[in-house]
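# Summary of structural features
Single-letter residue listing:
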Amino acid sequence: MSYSIFCVGHPLIDMQVREAEDLLTKYKLKANDAILADVEREPIYEELARERQVVFVAGGAAQNTARGAAYILPPNSVVFAGCVGDDDLAEQLRDANRREGVLDVYQVKQGQKTGACAVLISSGHNRSLVTTRRVSNDLDEEHFWSPTVAPLINSAKVIYMEGYMLTHRADISIRLAKRVSSAGKISVLNLSAPYIPRLYNAQIQEIAPYCDIIVSNEAEAEAWAVSNGHPEPTNMSVVAKAIALLPKANTIPPRIVVVTQGALSTTVVSADDFAPKIYPVQPLREEEIVDTNAAGDAFAGGFLAAYVLEKNLDICIETGHRLAAMCIGQEGPRYKWPKVQVL
Ligand code: ADP
Ligand code: MG
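Small disclaimer: the values here were computed from a predicted structure and weren't measured. (Residues numbered from 1 in each chain as written. Chains lettered and ligands numbered in written order. Predicted model: local features only at pLDDT ≥ 70, side-chain atom pairs only at ≥ 80, totals over all residues. Heavy atoms only, no water.)

### Details of the site of ligand 1
Our working definition: Here a residue counts as near a molecule or strand whenever at least one of its heavy atoms sits within 4 Å of it. In the analysis that follows, any N or O atom pair within 3.5 Å is treated as a polar contact, provided that within protein one partner can donate a hydrogen and the other can accept it, and provided that, for residues neighboring in sequence, both atoms belong to side chains. All accessible areas in this document rest on Shrake-Rupley with a 1.4 Å probe, and a residue is counted as covered only by the protein chains that are shown. Labels follow the DSSP assignment, with helices taken as runs of H or I lasting at least four residues and strands as runs of E lasting at least two, numbered in each case from the N terminus. Each residue is assigned to one class: nonpolar for Ala, Val, Leu, Ile, Met, Phe, Trp, Tyr, Cys and Pro, charged for Asp, Glu, Lys and Arg, and polar for all the others, Gly among them.
Around ligand 1 there are 16 residues in total, and Asn-217, Thr-260, Gly-262, Leu-284 and Gly-296 lie nearest to it. With respect to ligand 1, the backbone of Gly-262 contributes an N or O atom lying 2.7 Å from an oxygen atom. At a separation of 2.8 Å, an oxygen atom of ligand 1 approaches a polar backbone atom of Gly-296. A total of 560 Å² of accessible area belongs to ligand 1 in isolation, and the protein chains cover 83% of it. Only β12 (256-261), α12 (295-308) and α13 (313-328) provide two or more residues apiece to the shell around ligand 1. Taken together, the residues that form the shell around ligand 1 break down as 8 nonpolar, 8 polar and no charged.

### Concerning the layout of surface pockets
Heads up, the rule is: Any residue with an atom within 4 Å of a point lines the site, the site being either a cavity, points on a 1 Å grid over the protein atoms alone where a 1.4 Å probe fits but cannot get out, or a pocket, an open set with protein on both sides within 12 Å along at least 5 of 7 lines. Grid points are joined across faces, edges and corners, and a volume is the space filled by probe spheres set on the points.
What the second largest pocket holds in volume is close to 190 Å³. Of all the elements in the fold, those that place two or more residues in the lining of the second largest pocket are α2 (44-51) and α4 (88-99). A breakdown of the residues in the lining of the second largest pocket according to their chemical character gives 5 nonpolar, 1 polar and 5 charged.

### Side note on the pairing of strand β11 (residues 213-217)
Selection rule: Using a 1.4 Å probe on the protein chains alone, a residue whose accessible area is under 20% of its type maximum counts as buried, one over 50% counts as exposed, and one in between counts as partly exposed. Two strands are counted as paired when DSSP detects at least two bridges linking them.
Within β11, 4 of the 5 residues are buried, which leaves it mostly tucked inside the rest of the structure. As defined by bridge partners, β11 adjoins β12 across 5 bridges and the pair is classed as parallel. Bridge pairing in β12 places Ile-214 opposite Val-257.

### Description of the sheet that holds strand β7 (residues 115-122)
Heads up, the rule is: In this analysis an axis means a line fitted to C-alpha atoms, helices contributing only their contacting stretch, and an angle means the value between N-to-C directions, from 0 to 180 degrees.
Across the sheet, which stays open at both edges, the 5 strands sit in the order β3-β8-β7-β2-β4 with mixed pairing between neighbours. Two strands lie at the open edges of the sheet, namely β3 (33-36) and β4 (55-59), each paired on one side alone. On average, adjacent strands in this sheet sit at an angle of 20° to one another, irrespective of strand direction. Here β3 pairs with strand β8 (residues 126-132) via 4 bridges, running parallel.

### Quick word on the environment of Glu-47
So the rule is basically this: We call two residues in contact when some of their heavy atoms are within 4.5 Å.
The residue Glu-47 is located in helix α2 in this model. Since its relative accessible area comes to 8%, Glu-47 is described here as buried. Between the C-alpha atoms of Glu-47 and Leu-120, which are 73 residues apart in sequence, the distance is 13 Å. Non-local contacts of Glu-47, meaning those with residues more than four positions away in its chain, are made with Leu-23, Lys-26, Tyr-27 and Arg-52.

### Some words on empty space enclosed by the protein
Summed over all chains, the structure comprises 1 cavity of 30 Å³ or more. Looking at the largest cavity, its volume works out to about 80 Å³. For the largest cavity, the full set of lining residues is His-10, Ser-136, Asn-137, Leu-139, Met-165, His-168, Arg-169, Ile-172 and Ser-173.

### Some details on the nonpolar core
Nonpolar side chains tend toward joint burial in soluble globular proteins. Short version of the rule: Note on terminology: a nonpolar core comprises buried Ala, Val, Leu, Ile, Met, Phe, Trp, Tyr and Cys residues joined through side-chain atoms within 4.5 Å.
The biggest cluster of nonpolar side chains holds 58 residues, and the ones touching the most others in it are Leu-48, Leu-120 and Phe-303. Setting aside residues no more than four positions away along its own chain, Phe-303 makes contact with Ile-213, Val-258, Leu-313, Cys-316, Ile-317 and Gly-320. Within the second largest apolar cluster, 47 residues are counted, among which are Leu-139, Met-161, Ile-174 and Ile-204.

### Focus on the UniProt feature "active site" (unreviewed entry) in the protein
To keep it simple, the criterion reads: UniProt positions are given in the numbering used here, feature names are shortened, and annotations may be inferred rather than shown by experiment.
In the numbering used here, UniProt assigns the feature "active site" (unreviewed entry) to Asp-297. With respect to the helices and strands, Asp-297 occurs in helix α12. Asp-297 gets classed as buried once you look at its relative accessible area, which sits at 15%. Those residues in contact with Asp-297 that lie beyond four places of it in its chain are Ala-61, Asn-64 and Thr-65.

### Some details on the pairing of strand β6 (residues 102-109)
Note the threshold: When the strands point away from the viewer, a crossover counts as right-handed if the path from the first strand over the helix to the second runs clockwise.
As paired elements, strand β5 (residues 78-85) and β6 share 8 bridges and run parallel to each other. Across the sheet, Cys-83 pairs through a bridge with Gln-107, a residue of β6. Of the crossover connections in this fold, the one passing from β5 over α4 to the parallel β6 is right-handed.

### What to know about helix α7 (residues 170-182)
What sets the pattern is the α-helix's 3.6 residues per turn: residues three or four places apart point alike. Selection criterion: Expected span of a helix: the number of residues minus one, times 1.5 Å.
Here α7 spans 18 Å end to end across 13 residues, near enough to the 18 Å set by a 1.5 Å rise per residue. Turning to α7, its buried residues number three or more, namely Ala-170, Ile-172, Ser-173, Ile-174, Leu-176, Ala-177, Val-180 and Ser-181. Contacts made by the buried residues of α7 are with β1 (5-8), α5 (141-144), α6 (150-155), β9 (158-162), β10 (186-190) and α9 (201-207). Just downstream of α7, Gly-184 is the residue with a positive phi angle, here 85°.

### Here we look at the sheet that holds β11
Neighbouring strands of a sheet are bound in pairs by backbone hydrogen bonds; such pairs are parallel or else antiparallel. If you trace the 9 strands from one edge of the open sheet to the other, you get β6-β5-β1-β9-β10-β11-β12-β13-β14, paired in mixed fashion. Either end of the sheet is taken by a strand with one partner, and the two such strands are β6 and β14 (277-279). Pairwise comparison of adjacent strand axes, ignoring direction, gives a mean angle of 20° for this sheet. In this sheet, β10 lies alongside β9 in parallel orientation, the contact comprising 5 bridges. Each residue of the ladder has a partner; that of Ile-159, found in β10, is Ser-187. Against the sheet, α4 touches β5 and β6, its axis set at about 165° to β6. Most of the contacts of α13 go to β14, to which it runs at about 35°, and overall it touches β12, β13 (264-270) and β14.

Shown next as structure tokens:
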């Protein structure tokens, strides 16, 4: 098998620092939070690089999913495209992808900075995330159809997009989805964060006809339901069915909607029968949970890996659950355990 999954998203590098109490005070941050950096917080990345022991971990939603899928699949199965700068941070990302078996095909913008996320760990399990998107927002459409990248898209079976792509120049992602779905590929969208369906609902409506699989967690599904005036926004079976019923450009394959709910069961609706299926999750014990960050990204990686191996839906969900559990048992979105059988 060769490069069956092509992922697109914002490449971000996580810069983890421990004992970050002083930084929380200095940059006026909450111990447990996730924000986009404003001008006042922008100097934090330079300060971390200069003055602290930083552990660099590859991040970014779709890039995490790519690394998750690559953990399961044979070498040369997963590609990730996004936009980076010509800096050290991009090098760190390349190293992580190389180590973890993802081929990255970055668009590089000279003189620009790679997106980053400061992960400030303080006493206990507290972590404050401060993201700066920087040049990750600026992926150009031409990059997809460049001589290096176009063949990778053309030979992939599945194209996976993070919902964050809909926040900026959404037309690029919408055209990509349209093009790949009309070429008979499986196009997958992750809603990524509640604010995506809250603020970019129109863009979701526009891309949905070209999406064969839509993945979200319960908060994102609920936000979608609220944005669309749904009467029962917290009933995941009903909401998943409503998403499955969104207009679709082609009828085959029928759309699959997957809604994860953390430690609770995952709900799946397929547009072939619209009957909700509930898949139980084995909740992890408190002492087994290290970091629930990126659990959803790992789930999507496991799901996609099983999907391209042509496993049935039950196994796809099970593989997603297992990879997510593995991710939660480790710090950061990593899959560093000795290769275990997840399929
Ligand atoms: P997100 O990270 O997007 O919020 P979820 O919280 O729904 O996504 O988690 C995705 C998956 O991670 C779940 O379907 C489940 O498989 C796994 N998961 C999350 N929390 C737990 C938990 N406490 N115990 C076991 N599995 C979990
Ligand atoms: Mg969650």
